[in-house]
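Take a look at the letters that make up each chain.
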Amino acid sequence: WSSKLVREKRKGVFRCAGCGTELFASGEKFESGTGWPSFASGLPGVEEEDVNPVQFAVLGAELRCRSCGGHLGDVFGDGMLFQGTRAAVTGKRYCIDGAALEFFPEDGGVAVRGQGLK
């Protein structure tokens, strides 16, 4: 597993670990089986590399924080493989490096940095 955030199930928001920009809502998170935190869509703070459709279909596209430019991971067009999740609707799987994220629980609890496996 890439990060303890793979197992995070609480409601809240995932922010950029570098600058604090809101990147992903917890309701978009799903279990992809890849070992990386995965989301069906991103918030406006996520910037997607502009690639041609063939490249996107085969290799995906890089994701960066729109505010600080930090690398977040990649987005792939295989969301339809994850039936029963929002990714099947959006057609995308945002595969994120947990170390690039910090989770802020909706209930005001302590924030969780994505570094490490514990």
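Residues numbered from 1 in each chain as written. Predicted model: local features only at pLDDT ≥ 70, side-chain atom pairs only at ≥ 80, totals over all residues. Heavy atoms only, no water.

1. Quick notes on the overall build of the chain
1) Next: Along its length, the chain carries two helices and ten strands.
2) Next: Listing each helix as α and each strand as β along the chain from the N terminus yields β-β-β-β-β-α-β-β-α-β-β-β.
3) Next: Rg of the C-alpha trace for the chain: 13 Å, near the compact-globule value of 13 Å for 118 residues, within the 12% margin.
4) Next: Structurally, the chain occupies a C-alpha span of about 40 × 30 × 25 Å along its principal axes.
5) Next: Within the chain, residue pairs in contact and separated by at least 24 positions form 50% of the contacts whose partners lie at least 6 positions apart.
6) Next: Only carbon and sulfur atoms are counted for the fraction: they give 54% of the accessible area of the chain, which is about 6200 Å². (Helix = DSSP H or I, 4+ residues; strand = E, 2+ residues; numbered from the N terminus. Rg over C-alpha atoms; globule rule 2.2 N^0.38 Å. Contact = heavy atoms within 4.5 Å. Areas by Shrake-Rupley, 256 points an atom, 1.4 Å probe, with all protein chains shown as cover.)

2. Here we look at the sheet that holds strand 10 (residues 112-113)
1) Next: Reading across from one edge, 2-1-9-10 is the order of the four strands in this open sheet, with antiparallel pairing throughout. In this open sheet, the two strands that pair with only one neighbour each are strand 2 (22-25) and strand 10.
2) Next: Bridging between strand 9 (residues 101-105) and strand 10 involves two bridges; their strand directions are antiparallel. Looking across to strand 10, one finds that Phe103 is bridged to Val112. (Pairing = 2+ DSSP bridges.)

3. Quick word on the sheet that holds strand 8 (residues 93-96)
1) Next: Pairing is antiparallel in the open sheet, where six strands are placed in the order 3-4-8-7-6-5. Pairing within the sheet leaves two strands with one partner each, and these edge strands are strand 3 (29-30) and strand 5 (46-48).
2) Next: Pairing of strand 6 (residues 61-65) with strand 7 (residues 71-76) involves four bridges; the strand directions are antiparallel. From the neighbouring strand, Leu63 faces strand 7, where its bridge partner is Gly73.

4. A look at the packing of aromatic side chains
Two numbers describe a pair of aromatic rings. These are the distance of the centres and the angle of the planes.
1) Next: The tally for this structure, following the rule as stated, stands at five aromatic pairs.
2) Next: With a centroid separation of 4.7 Å and an interplanar angle of 45°, the aromatic rings of Phe14 and Phe103 are classed as tilted. Placement of Phe14 in strand 1 (residues 12-16) and of Phe103 in strand 9 is noted, with a sequence separation of 89 residues between them.
3) Next: Classification of Phe103 by relative accessible area gives buried; the value is 0%.
4) Next: An aromatic cluster of at least three residues, connected via ring pairs, comprises Phe14, Phe24, Phe39, Tyr94 and Phe103. (Phe/Tyr/Trp six-rings, centres within 6.5 Å; stacked < 30°, edge-to-face > 60°. Buried < 20%, exposed > 50% of the residue type's maximum accessible area, 1.4 Å probe, protein only.)

5. Some thoughts on a nonpolar patch on the surface
1) Next: Residues Val54, Val58 and Leu59 make up a contiguous nonpolar surface patch of roughly 330 Å² in combined accessible area.
2) Next: Summarising the element assignment, Leu59 is placed in helix 1 (residues 53-59).
3) Next: Accessibility expressed as a relative area gives 56% for Leu59, which makes it exposed. (Patch = residues over 30% accessible without salt bridge, like charges linked within 9 Å, V, L, I, M, F, W, Y side chains within 5 Å. Salt bridge = Lys/Arg side-chain N within 4 Å of Asp/Glu carboxyl O.)

6. Thoughts on the pairing of strand 6
1) Next: Here three bridges tie strand 5 to strand 6, and the two strands are oriented antiparallel to one another. Bridged to Glu48 within strand 6 is Leu63.
2) Next: Taking the residues between adjacent antiparallel strands as the criterion, strand 6 and strand 7 are bridged by five residues, where Gly69 takes a positive phi near 80°.

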